[in-house]
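Spelled out from the first residue to the last, the chains are:
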Amino acid sequence: MFLDFIYWFVAIGISFLTAYIIAREILKRWRLNYRLENNDKTLLDDSSVKIEILTSAPEGSTFLNSVPAVLIDET
């Protein structure tokens, strides 16, 4: 009887933890898409954003890990 209570408690805890992780990831992706659509310039300095794929760069460009992006003003 007591073990059944503990098993149910653990099962409910794992279910809530899984739901929390999934909700957090969905919210994080939604916020990132929202910031990209609105051309949020703070993304360049945001340490929580990691660029893995370059979609537009001059030929011969390379990607280096842990190097912050710097906005070059051409005006």
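## Looking at the layout of surface pockets
Estimated volume of the second largest pocket: approximately 270 Å³. Glu25, Lys28, Arg29, Arg31, Leu32, Arg35, Asp46, Ser48, Val49 and Lys50 are the residues that line the second largest pocket.

## Considerations on unusual backbone geometry
Here asparagine 39, not a glycine, exhibits a phi torsion of approximately 50°, which is positive. Residue position: asparagine 39 is located in the segment after helix 1 (2–37). What makes asparagine 39 exposed here is its relative accessible area of 62%.

Definitions and limits used
Within each chain, residues carry numbers counting from 1 in the order of the written sequence. Note on the predicted model: pLDDT of at least 70 is required for a residue's local features to be given, and 80 or more for side-chain atom pairs to be given and counted; whole-chain, interface and lining totals, by contrast, use all residues. Hydrogens and waters are ignored; side-chain quantities use all the structure's heavy atoms. The distinction between a cavity and a pocket rests on a 1 Å grid over the protein atoms alone: a 1.4 Å probe fits inside a cavity but cannot get out, while a pocket stays open yet meets protein on both sides within 12 Å along at least five of seven lines, and a residue with an atom within 4 Å of a point counts as lining. Grid points are joined across faces, edges and corners, and a volume is the space filled by probe spheres set on the points. Each helix is a run of H or I in the DSSP string that is no shorter than four residues. Each strand is a run of E no shorter than two, and both are numbered from the N terminus. Working definition: with a 1.4 Å probe on protein chains only, accessible area under 20% of the residue-type maximum means buried, over 50% means exposed, and in between means partly exposed.

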